[in-house]
Amino acid sequence: MTAQIIVVTSGKGGVGKTTTSASLATGLAMAGKKVAVIDFDVGLRNLDLIMGCERRVVYDFVNVVHGEATLKQALIKDKRHDNLFVLAASQTRDKDALTQEGVEKVLDGLSEDGFDYVVCDSPAGIEKGAHLAMYFADQAVVVVNPEVSSVRDSDRILGLLASKTRRAERGDGAITQHLLLTRYNPTRVAAQEMLSVKDVEEILGISVIGVIPESENVLAASNAGVPVILDDNSIAGQAYGDTVARILGEERPLRFTEVTKKGFFQRVFGS
């Protein structure tokens, strides 16, 4: 069985791609799947920090692509889940260090090793690393903030997903595209300071697979090297859990998209 390859991508930086990649990979592993998550952002490297394994990186993705290390040497096993592995990006090479043949070799190697899912954490935009991250994908999670500039940039990514992938070249049918809204604030949506879920779906023409509410827990979890999906008390963590369930085919209602109405005591006494 070949691994399902999921690319996590966006038109602009700073929308929460790496946070999303870490939480989706962790959630899939929690569901019993064997998962590898790969950092395609050569030169920057953030995924290992959010996964809490930065001190354990010896060999990286580029080393494997160039035959300087084996996959087994470079994959870092997550301390929390035995079926979750991280392949870090190189901080010292430039973006041309990745090649299409090298990336294909790594992905084929993961399939041969029995991985169910490979999550590719793409750099922002449309440069080489982003193109290679999406080229072999079966599914794409397009991460968007509910603001006009982020949505407009994502439209361009959707065009590339439809035309510049191996599936498109072979005529194998389109990549399954999902929209993930991050930093969603229902109060600001109600005040028309932010686009609604419906607005974004209508502009981009694809359905939302998850809505991640704005939450301080996301930054706190990232700083602690813990994917936020592991924080059961966090609404962002719960929303990522819902998103993973939907990727696995479960139906769940969208939560955290409406303004919370205050109860009587909150209105009288404040929170």
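Before reading on, note that the structure itself is shown above.
These figures come from a predicted structure and were not determined experimentally.

**Q** Got a minute to help me understand helix α6 (residues 128–135) in this structure?
**A** An α-helical segment advances 3.6 residues per turn. Residues three or four places apart therefore align on the same side. Among the 8 residues that make up α6, 6 are buried, leaving the element largely enclosed by the rest of the structure. Here α6 has its buried residues at Gly129, Ala130, Leu132, Ala133, Met134 and Tyr135. Taken together, the buried residues of α6 touch β1 (4–9), α5 (100–112), β5 (117–121), α7 (148–163) and α8 (166–170). With a side-chain oxygen positioned 2.7 Å from the backbone nitrogen of Gly129, the residue opening α6 is Glu127.

**Q** Looking at this structure, how should I read the packing of helix α1 (residues 17–30) against helix α12 (residues 235–247)?
**A** Think of two packed helices as two axes; the pair is described by the angle between the axes and how far apart they sit. Between α1 and α12, the least distance of the axes is 9 Å, while the angle of their chain directions is 60°. Overall, the two elements α1 and α12 adopt an arrangement that is oblique. In terms of crossing hand, the pair formed by α1 and α12 is right-handed. Only Tyr240, Thr243, Val244 and Ile247 of α12 make contact with α1, whose side of the interface consists of Thr19, Thr20, Ser23, Leu24, Gly27 and Leu28. Looking at the contact of α1 with α12, its residues break down into 5 nonpolar, 5 polar and no charged.

**Q** Can you help me understand the sheet that holds β1 in this one?
**A** Whenever strands of a sheet pair, they do so through backbone hydrogen bonds, lying parallel or antiparallel. Judged by pairing direction, the sheet is mixed, and its 8 strands sit side by side in the order β3-β4-β2-β5-β1-β6-β7-β8 without closing on themselves. The open sheet has two edge strands with one neighbour each: β3 (76–77) and β8 (208–213). Bridging between strand β2 (residues 35–39) and strand β4 (residues 84–87) involves 4 bridges; their strand directions are parallel. Residue pairing in the sheet places Ala36 in a bridge with Phe85 of β4. Packing against the sheet, α7 makes contact with β1, β6 (139–144) and β7 (176–184), and its axis sits at approximately 165° to β6. The sheet contacts of α12 involve β1, β6, β7 and β8, and relative to β8 the element is tilted by about 170°.

So, how was this worked out
- Residues numbered from 1 in each chain as written.
- Predicted model: local features only at pLDDT ≥ 70, side-chain atom pairs only at ≥ 80, totals over all residues.
- Heavy atoms only, no water.
- Buried < 20%, exposed > 50% of the residue type's maximum accessible area, 1.4 Å probe, protein only.
- Helix = DSSP H or I, 4+ residues; strand = E, 2+ residues; numbered from the N terminus.
- Contact = heavy atoms within 4.5 Å.
- Polar contact = N/O pair within 3.5 Å; in protein donor to acceptor, adjacent residues only side chain to side chain.
- Axes fitted to C-alpha atoms, helices over the stretch in contact; angles between N-to-C directions.
- Parallel < 35°, antiparallel > 145°, perpendicular 65-115°, else oblique.
- Left-handed = near helix turned anticlockwise from the far one by under 90°.
- Nonpolar A, V, L, I, M, F, W, Y, C, P; charged D, E, K, R; others polar.
- Pairing = 2+ DSSP bridges.

Geometric descriptors of this kind do not, in isolation, establish any biological role.
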